[in-house]
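Each chain, written out:
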Amino acid sequence: MKTLIKNGTVVTAADLYRGDVLIEDEKISTVATSLSMEADRVIDAKGKYVLPGGIDVHTHLDMPFGGSTSADDFESGTIAAAHGGTTSIVDFAIQYKGQTLRQGWEAWMKKAEGKAAIDYGFHLIITDLPEKLEPEMDALVGEGVTSFKLFMAYRGVLMLDDGSIFRALSRTAENGGTICMHAENGDVIDVLVRRALASGRTAPKYHALTRPPRAEAEATYRALCLAEIAGVPIYIVHLSAAEALEKVTEARDRGLPAYAETCPQYLFLSYANYEEPGFAGAKYVMSPPLRGEGNEEKLWRGLAGNDLQAVSTDHCPFCMKEQKELGKDDFSKIPNGAPGIETRMSLLFDGGVLPGKISLNRFVELTSTSPAKIFGLFPRKGTIAPGSDADIVVFDPGKKTTLSAKSLHMKVDYNPYEGRQVTGAAETVLSRGKVIVENGKFTGRAGAGSFLKRNPRTA
Ligand SMILES: [Zn+2]
């Protein structure tokens, strides 16, 4: 099966040129300024960008949290991702207390199997790390689960103590794994939450007011210090506060291998959203919370200047009805999370590239190339080059869309960007050479996605 994408502008993290791309079966075989060979199918990309498929390294599909389960499973979530131009995800499997690490991974493999429409990998969330389980970290790295997520918040549920965190970091220094850190000081936040509830402050906005930016900055700094002592790179997930970014910048300026991602919600929404009337603020209850206005400009600067290396979504949708409602009288019972897997590429193009905050190349780097490199998928994923998987997005830079829960494909009854108009959208999406989205229709198949066995760090 040969597919030829003609007349487009090929954009990678490094290049931008008028080019044709020939795909043979699942791989890109030839890229040149003009190709005229026969193909089973020709896609005309005139006036469009030809981009490597988006890679979202922070999603929570089918994830139990606070007595509820995120509204998208691996089928609806990956189909929504594809519509938005994302062709690979790295989701989070959870090892619960008392389980082996492998049990956690296997449970999530079952959730994805037969359902995922695009390729998927897993980070493993470790919630319990007795010393006897440490060798299992090495075994999982060998099987392609090359990153682990640890929490410095949610004591009694997900949180690990600093000693366990340090042991995990030290282990990855040896086995080539990478630690992803949720950096917030959970114990301090728990005290602030209890005080707020005791004095009757129960509205959604108190979720944000009990998780101050300093609590994120402190934990970020602590995580960076622990990684420095262990002598290993670290990746801070969903960095939201400019104060936390300062800590990452400081570490990088000292030459440390510190990496961090941010998410569209921290670039396009702010604390003001929590002040929306009634219970509407619950739509934005996520951790870390949205920050005050002005914060986002500093994140944009971090993205442009490479103090932040990736934009992922932390996609973790809960419906307002029956799910977010659980916290109607107590903000601490609102399931944490919001939808985003489908809107990442359009939002970042519209709000980042068009106003000149980031270049088109940087857009590709942040949404695809750099996450592929950090998480062991490059050059199989994350670029357009001979030999790479044919995960390709034909992106229409002029297409205007109004974001709305009604037309988006995520299985959730609201959208945090409802009514926002964006310019730029995925038009045709290919996953390993197969067209899976065309003219707004999903033409792929649930279950066609494969597990991504990722490579360990080489540096
Ligand atoms: Zn998350």
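Rules and cut-offs
Residues numbered from 1 in each chain as written. Predicted model: local features only at pLDDT ≥ 70, side-chain atom pairs only at ≥ 80, totals over all residues. Heavy atoms only, no water. Helix = DSSP H or I, 4+ residues; strand = E, 2+ residues; numbered from the N terminus. Rg over C-alpha atoms; globule rule 2.2 N^0.38 Å. Buried < 20%, exposed > 50% of the residue type's maximum accessible area, 1.4 Å probe, protein only. Contact = heavy atoms within 4.5 Å. Axes fitted to C-alpha atoms, helices over the stretch in contact; angles between N-to-C directions. Parallel < 35°, antiparallel > 145°, perpendicular 65-115°, else oblique. Left-handed = near helix turned anticlockwise from the far one by under 90°. Nonpolar A, V, L, I, M, F, W, Y, C, P; charged D, E, K, R; others polar. Phe/Tyr/Trp six-rings, centres within 6.5 Å; stacked < 30°, edge-to-face > 60°. Lys NZ or Arg CZ within 6 Å of the ring centre and 35° of its normal. Donors = N, O, S within 2.8 Å, 3.2 Å for Na, K, Ca; no water. Arc of directions from axis to C-beta.

Trainee: Sorry if this is basic, but what is going on with the overall build of the protein here?
Mentor: For the protein, the count of helices and strands is 12 helices and 19 strands. On C-alpha atoms alone, the protein measures out to a radius of gyration of 21 Å, which is about the 23 Å that the 2.2 N^0.38 rule sets for 459 residues. If one aligns the C-alpha atoms of the protein with their principal axes, the spans along those axes are about 70 × 50 × 45 Å. Across the 459 residues in the protein, those meeting the buried criterion constitute 60%. Sequence separation of 24 or more characterises 76% of the internal contacts of the protein that already satisfy a separation of 6 or more.

Trainee: How should I be thinking about the environment of Glu113 in this particular structure?
Mentor: One can find Glu113 in the loop between helix H2 (101-112) and strand E10 (119-126). Taking the C-alpha atoms as reference points, Glu113 and Phe451, 338 residues apart in sequence, are found 8.5 Å from one another.

Trainee: Mind showing me how you'd approach the packing of helix H4 (residues 162-175) against helix H7 (residues 213-230) here?
Mentor: When two helices pack together, their arrangement is given by the angle between the helix axes and the distance between those axes. Across the interface, H4 lies against H7 with an axial gap of 9 Å and an inter-helix angle of 45°. Relative to H7, the element H4 is oriented oblique. Where H4 crosses over H7, the two elements pack in a sense that is right-handed. Along its contact with H4, which presents Asp162, Ile165, Phe166, Leu169, Ser170 and Ala173, the element H7 presents Arg222, Leu226, Ala227, Ile229 and Ala230. Residue composition of the contact of H4 with H7, by class: 8 nonpolar, 1 polar and 2 charged.

Trainee: What exactly am I supposed to notice about unusual backbone geometry here?
Mentor: Backbone geometry follows two general trends: most residues other than glycine have a negative phi, and most peptide bonds adopt the trans configuration. Looking along the chain, the bond that leaves Ser287 and enters Pro288 is cis, with omega of -5°. Along the chain, Pro288 turns up in the loop between helix H9 (264-268) and helix H10 (295-304). In this model, Phe378 is joined to Pro379 through a cis peptide bond whose omega is 5°. Turning to its location among the elements, Pro379 is positioned in the loop between helix H12 (360-374) and strand E16 (392-402). Despite not being glycine, Asp62 shows a phi value in the positive range, around 50°. Inspection of the secondary structure assignment puts Asp62 in the loop between strand E6 (54-59) and strand E7 (64-65). Within the chain, Tyr154 stands out as a residue other than glycine whose phi angle is a positive 65°. Take Tyr154: it is sitting in the loop between strand E11 (147-151) and H4.

Trainee: Quick question: what am I supposed to make of the packing of aromatic side chains here?
Mentor: A ring pair, where both rings are aromatic, is described by two values, the distance of the centres and the angle of the planes. For the coordinates displayed, the defined rule picks out 19 aromatic pairs. Ring geometry for Tyr235 versus Phe375: centroids 4.7 Å apart, planes at 75°, classification edge-to-face. Taken together, the positions of Tyr235 in strand E13 (residues 234-236) and Phe375 in the loop between H12 and E16 put the pair 140 residues apart, joining distant regions of the chain. Across this residue pair, the class does not change: Tyr235 and Phe375 are buried. Between Tyr271 and Tyr274 the ring centres are 5.8 Å apart and the planes differ by 50°, which places this aromatic pair in the tilted class. With relative accessibility at 19%, the residue Tyr271 sits in the buried group. Each member of the aromatic cluster is reached from another via a ring pair, and the members are Phe74, Trp105, Tyr120, Phe122 and Phe451. Positioned over the ring face of Tyr221 is Lys247, at 5.4 Å from the centre of the ring.

Trainee: What is the right way to look at the coordination of the zinc ion in this model?
Mentor: The textbook angles at a metal center are 109.5 degrees for a tetrahedron of four donors and 90 or 180 degrees for an octahedron of six. Looking at the zinc ion, one finds its protein donor set to be His58 (NE2), His60 (NE2) and Asp314 (OD), positioned 2.0 to 2.2 Å from the metal centre. Between consecutive donor residues of the zinc ion, the sequence gaps follow H-x1-H-x253-D. Here Asp314 lies in the loop between strand E15 (310-311) and helix H11 (344-353) and His58 lies in strand E6, a separation of 256 residues in the sequence. Here His58 matches Asp314 in class, with each residue buried.

Trainee: How should H10 be read in this particular structure?
Mentor: In an α-helix, one turn spans 3.6 residues, which is why side chains three or four residues apart end up on the same side. Among all positions in H10, only Asn295, Glu296, Leu299, Trp300, Gly302 and Leu303 are buried. Angular distribution of buried residues about the axis of H10 spans 160°; they occupy a single face of the element. Next to the buried residues of H10 lie helix H8 (242-253), strand E14 (258-262), H9, E15, H11 and H12. Immediately beyond the C-terminal end of H10, within one or two residues, lies Asn306, with a positive phi of roughly 70°.

Honestly, it's all geometry; don't read function into it.
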